[in-house]
Amino acid sequence: MFDDSDIKIFNDKGHPQENFDEVSVISEMKRHRSNGNSEKAKTLGQHLADIFVDEEKMIKDLSKEVGPLNFDDDIMYQIKVLLAFTAEYCINHSLPSPLLSNTAINRMYDTVKASAFEFYDRLDDGAEYSFYYLALRKSADISTEIGKAFSMICENPDFATLGKNLFEFAKQEIDSVIDLYEFE
């Protein structure tokens, strides 16, 4: 067992929260289990992970929307990173609870880790997400900023439009998938 005495819950101001309400968290977890939301979140995470694992189908589907994706392995990896980031972004913004978001995201990454370990391992060591999170904070035009971050990461200024289009298409598709689960 690990010692969790050094784990602190922080409030909105970044200060440790002294009276963390464990009863509320447990109650929320129980409610999501009983109404089926927890299982839906796990299934959603699995479904989204399967998209990354089946790279051939993913490329085919994306090519229909954003044009041919005939790039080297490094750029294809960056495309997958952007899609994984977009999935996490959509989950965090669309699910009704942070507990459910964490459940879906954990299942997604656990599945990717089990099915595509090389991608997961490289993703886990990478800093790309940091650039995308910074892009989210830059302006109201998130898609354009994500596209700029993608082009910077790929070291190709011509990729800004591709990054923007990939983000917008993936966001639309992932949001549609999430809607199908009808979370309560």
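Fair warning: this is a prediction, and the values are worked out from it, not measured in the lab.

Colleague: Please set out the packing of helix H3 (residues 55–66) against helix H9 (residues 160–180) residue by residue, giving values where relevant.
Modeller: At a minimum axis distance of 10 Å, the contact between H3 and H9 shows a crossing angle of 115°. As far as their axial angle goes, H9 and H3 are roughly perpendicular. Taken as a pair, H3 and H9 cross one another with a handedness that is right-handed. The residues of H9 that touch H3, namely those facing Asp61, Leu62, Glu65 and Val66, are Leu162, Asn165, Leu166 and Phe169.

Colleague: So what's going on with helix H6 (residues 117–125)? Residues and values would help.
Modeller: Residues of H6 that are buried: Phe119, Tyr120 and Leu123. Looking straight down H6, one finds that the buried residues subtend no more than 95° of arc, so they occupy a single side. Projecting away from the buried face of H6 at angles above 90 degrees are the exposed residues Glu118 and Asp125. Residues of H6 that are buried sit in contact with helix H4 (73–94), helix H5 (98–115) and helix H7 (128–138).

Colleague: Kindly report on unusual backbone geometry, identifying the contributing residues and their values.
Modeller: Backbone geometry places glutamate 155, a non-glycine residue, at a positive phi of 60°. Following the sequence through the fold, glutamate 155 ends up in the loop between helix H8 (142–154) and H9. Unlike most non-glycine residues, glutamate 182 shows phi in positive territory, near 45°. Following the sequence through the fold, glutamate 182 ends up in the segment after H9. Overall, the relative accessible area of 60% leaves glutamate 182 in the exposed class.

Colleague: If you had to explain the environment of aspartate 158 to someone new, which residues and values would you point to?
Modeller: By the element assignment, aspartate 158 lies in the loop between H8 and H9. For aspartate 158, a relative accessible area of 66% translates into the label exposed. In the structure, aspartate 158 is positioned 11 residues away from glycine 147 in sequence and 9.9 Å away in space, judged by C-alpha atoms.

Colleague: With reference to specific residues and values, describe the packing of aromatic side chains.
Modeller: For the structure on display, the rule yields 10 aromatic pairs. Consider the rings of phenylalanine 85 and tyrosine 129, whose centres lie 5.4 Å apart with planes at 80°: the pair is edge-to-face. Taken together, the residues span a long stretch of sequence, with phenylalanine 85 in helix H4 and tyrosine 129 in helix H7 at a distance of 44 residues. Residue phenylalanine 85 shares its accessibility class with tyrosine 129, and that shared class is buried. Aromatic pair phenylalanine 85 and tyrosine 133: ring centres 5.0 Å apart, planes at 80°, arrangement edge-to-face. Taken together, the residues span a long stretch of sequence, with phenylalanine 85 in helix H4 and tyrosine 133 in helix H7 at a distance of 48 residues. With relative accessibility at 0%, the residue phenylalanine 85 sits in the buried group. Members of the aromatic cluster, each reached through a chain of ring pairs, are Phe85, Tyr89, Tyr129, Tyr132, Tyr133 and Phe167. A cation over a ring is seen here: lysine 80 above phenylalanine 119, with NZ or CZ 4.6 Å from the ring centre.

What counts and how
- Residues numbered from 1 in each chain as written.
- Predicted model: local features only at pLDDT ≥ 70, side-chain atom pairs only at ≥ 80, totals over all residues.
- Heavy atoms only, no water.
- Axes fitted to C-alpha atoms, helices over the stretch in contact; angles between N-to-C directions.
- Helix = DSSP H or I, 4+ residues; strand = E, 2+ residues; numbered from the N terminus.
- Parallel < 35°, antiparallel > 145°, perpendicular 65-115°, else oblique.
- Left-handed = near helix turned anticlockwise from the far one by under 90°.
- Contact = heavy atoms within 4.5 Å.
- Buried < 20%, exposed > 50% of the residue type's maximum accessible area, 1.4 Å probe, protein only.
- Arc of directions from axis to C-beta.
- Phe/Tyr/Trp six-rings, centres within 6.5 Å; stacked < 30°, edge-to-face > 60°.
- Lys NZ or Arg CZ within 6 Å of the ring centre and 35° of its normal.

Keep in mind these numbers describe shape, not what the thing actually does.
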